[in-house]
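# Residue-level structural notes
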Amino acid sequence: MKIILNNNSLFKSLRPFNDIGFVPTMGSIHEGHLSLIERSNRTCKKTIVSIFVNPKQFNNKKDFKNYPTNIKKDIKILKKTKKVDFLYIPKFKDIYNNKKSNIKITKKDKVLCAKYRKGHFEGVLDVMERLTNLVNPKKIFMGKKDYQQYFLIKNYLKDKFKTSIIPCKTIRDKNKMALSSRNNHLDLNGIKKASFLSRSLIKLKRSLTKNKKIKQNLRIQMKYFEKFLKIKIEYLELRSIKDLTISNTVRDSRLFVAYYIDNVRFIDNF
Ligand code: AMP
């Protein structure tokens, strides 16, 4: 695994290859990231992973400051997989060395996290466009855990690059909680709450098949979970996977949730 710390070295290292799989991350590597790497390794001749905590996608300074980082541990884990050819760890200036972007999320896309995290996806699309320009991958592997992120990136990059965006399944722990770097912030009690909510939402999604008043039912369930678990739920909505509009049927839809435990924000979908 070659560690690349600047753009000159990136261009030199990647020039000979045209079948490159790319796994962009913000580090604190876990099994969710490793599943994307495995998929890339199986599909593409070379795999490059990036670790870059993108300040522009954090709408909250404190959240950016508190984002868990452990680069030494990450390097060790990634090396051990033997499935990563290149690890790109850029500096801010490697990414943001050219013109400012003017990305706007359209009104119809301002739902779920785009509604609640002002400027977040503008920052995500900006960094993904810049990274895609630099790495020029054939495929980018992204987790369905961040489904809205995958959806917006896919739509945004499709007219600009030939790169395909490959959605990959969400990796969960034995209690059905989605793996996430932010899980590091939780104590045992927090983990218990998140696991309970995850298991309950899987059951709830199944029960919705027979339920006609989905929107009202979700509102009631949301209040129940908030009270019972003493947590804040930002949204709990059933939406179409095709265009993220509100859905009245479980078919081709996902149940999207954002919630706070101990002031840490989590998202998931089922
Ligand atoms: P992050 O480091 O959180 O920005 O995530 C980097 C990539 O890993 C994104 O494409 C995420 O959707 C993906 N990812 C994060 N958690 C998981 C998970 N539990 N299962 C699968 N993919 C994940």
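Residues numbered from 1 in each chain as written. Predicted model: local features only at pLDDT ≥ 70, side-chain atom pairs only at ≥ 80, totals over all residues. Heavy atoms only, no water.

### With respect to a nonpolar patch on the surface
The following threshold applies: Grouping into patches uses exposed residues only, defined as over 30% relative accessible area, and leaves out salt-bridged ones; the cut-off is 9 Å for like charges and 5 Å for nonpolar side chains (Val, Leu, Ile, Met, Phe, Trp, Tyr). The Shrake-Rupley method, run with a 1.4 Å probe, gives the accessible areas here. Residue values count only the displayed protein chains as cover. The term salt bridge refers to a side-chain nitrogen of Lys or Arg lying within 4 Å of a carboxyl oxygen of Asp or Glu. Comment: elements are numbered from the N terminus, with helices defined as DSSP H or I runs of at least four residues and strands as E runs of at least two.
Taken together, Met 1, Ile 3 and Leu 5 make up a surface patch of nonpolar side chains, about 230 Å² in accessible area. One can find Met 1 in the segment before β1 (2–4).

### Observations concerning the domain arrangement of the protein
As a reminder of what qualifies: Domain limits in this description derive from either an automatic procedure or a database domain assignment. Each of two parts loses accessible area, computed with a 1.4 Å probe, when they are put together; buried area is these two losses added. Pairs of N or O atoms within 3.5 Å make up the polar contacts considered here, provided that, within protein, one atom can donate a hydrogen while the other can accept it, and that residues adjacent in sequence are counted only when both atoms are side-chain atoms.
Domain assignment breaks the protein into domain 1 (2–168) and domain 2 (181–264). For domain 1 and domain 2, the distance between their C-alpha centres works out to 26 Å. Buried area between domain 1 and domain 2, both sides added, is near 1400 Å², and the carbon and sulfur share of it is 62%. Looking only at domain 1, the three residues that lose the most surface to domain 2 are Leu 112, Tyr 116 and Tyr 147, adding up to 42% of its buried area. On the surface where domain 1 and domain 2 come into contact, there are 1 salt bridge. Of the charged contacts in the structure, one is a salt bridge between Arg 182 and Asp 63, with a shortest N-O distance of 2.9 Å. One can count 5 residue pairs in polar contact (both at pLDDT 80 or more) joining domain 1 with domain 2. Among the elements of the structure, α3 (61–66), α6 (112–116) and α8 (147–157) are those that each provide at least two residues to the side of domain 1 that touches domain 2.

### Some details on the packing of aromatic side chains
Keep this limit in mind: Aromatic rings from Phe, Tyr and Trp, taking only the six-membered ring of Trp, are treated as a pair when their centres fall within 6.5 Å; an angle between ring planes under 30 degrees marks them as stacked, one over 60 as edge-to-face, and anything in between as tilted. Residue burial is assigned from relative accessible area. The probe radius is 1.4 Å, only protein chains are included, and a residue is buried under 20% of its type maximum, exposed over 50%, and partly exposed in between. A ring is scored as having a charge over it whenever the NZ atom of a lysine or the CZ atom of an arginine sits within 6 Å of its centre and within 35 degrees of its normal.
Applying the stated criterion across every chain yields a total of 12 aromatic pairs. Ring centres 5.6 Å apart and planes at 20° place the aromatic pair Tyr 259 and Phe 266 in the stacked group. Comparing Tyr 259 with Phe 266, the two get one shared label, buried. Members of the aromatic cluster, connected to one another through ring pairs, are Phe 196, Tyr 224, Phe 225 and Phe 228. The ring of Tyr 96 carries Lys 56 above its face, with NZ or CZ at 4.6 Å from the centroid.

### Side note on the packing of helix α9 (residues 188–208) against helix α10 (residues 214–229)
The criterion, for reference: Inter-axis angles, ranging from 0 to 180 degrees, are taken between N-to-C directions of lines fitted to C-alpha atoms, where helices are fitted over the stretch in contact. Here is the rule for angles: anything less than 35 degrees is roughly parallel, anything more than 145 is roughly antiparallel, 65 through 115 is roughly perpendicular, and the remaining ranges are oblique. Helix crossings are classified by the rotation of the near helix relative to the far one: an anticlockwise turn of less than a right angle makes the crossing left-handed, while a clockwise turn makes it right-handed. Contacts are assigned to residue pairs that have any heavy atoms within 4.5 Å of one another.
The geometry of α9 relative to α10 is characterised by a closest axis approach of 12 Å and an angle of 160° between their N-to-C directions. It follows that α9 is roughly antiparallel to α10 by the angle criterion. At the point where α9 passes α10, the crossing takes the right-handed sense. Touching Lys 193, Phe 196, Leu 197, Ser 200, Leu 201, Leu 204 and Leu 208 of α9 are Ile 214, Asn 217, Leu 218, Gln 221, Phe 225, Phe 228 and Leu 229, all from α10.

### Description of the sheet that holds strand β8 (residues 253–261)
Formally: Strand pairing requires that DSSP identify at least two bridges connecting the strands.
Reading across the sheet, the 3 strands line up as β7-β8-β9 and stay open at both edges, with antiparallel pairing between neighbours. Each edge of the open sheet is held by one strand with a lone partner, namely β7 (232–240) and β9 (264–269). In this sheet, neighbouring strand axes are inclined to one another by 10° on average, regardless of whether the strands run parallel or antiparallel. In this structure, β7 lies alongside β8, joined through 8 bridges in antiparallel fashion. Looking across to β8, one finds that Lys 232 is bridged to Tyr 260. Lying over the sheet, α9 contacts β7, β8 and β9, oriented at roughly 160° with respect to β8.

### Things to note about the site of the ligand
We apply this condition: Near, as used in this document, describes a residue that has one of its heavy atoms within 4 Å of the molecule or strand being considered. We call Asp, Glu, Lys and Arg charged. Ala, Val, Leu, Ile, Met, Phe, Trp, Tyr, Cys and Pro are nonpolar, and the rest, Gly among them, are polar.
Taken together, 16 residues lie around the ligand, and Met 26, His 33, Asp 146, Ile 171 and Leu 179 are the ones closest in. The separation between an oxygen atom of the ligand and a polar side-chain atom of Asp 146 is 2.6 Å. Here a nitrogen atom of the ligand sits 2.8 Å away from a polar atom, N or O, in the main chain of Leu 179. Contact with the protein chains covers 93% of the free accessible surface of the ligand, which is 490 Å². Only β2 (20–25), α2 (31–43) and β5 (139–143) provide two or more residues apiece to the shell around the ligand. Among the elements that take part in the shell around the ligand, α2 stands out by supplying 3 residues, more than any other. Residue composition of the shell around the ligand, by class: 7 nonpolar, 6 polar and 3 charged.

### Quick look at the sheet that holds strand β4 (residues 86–88)
Ordered in space as β1-β4-β3-β2-β5-β6, the 6 strands form an open sheet in which the pairing is parallel. Two strands in the sheet have a free side with no partner beyond their single neighbour: β1 and β6 (164–168). Taken over all neighbouring pairs, the strand axes of this sheet differ in orientation by 25° on average, direction set aside. The pairing of β2 with β5 spans 2 bridges and is classified as parallel. Bridge pairing in β5 places Gly 21 opposite Lys 139.

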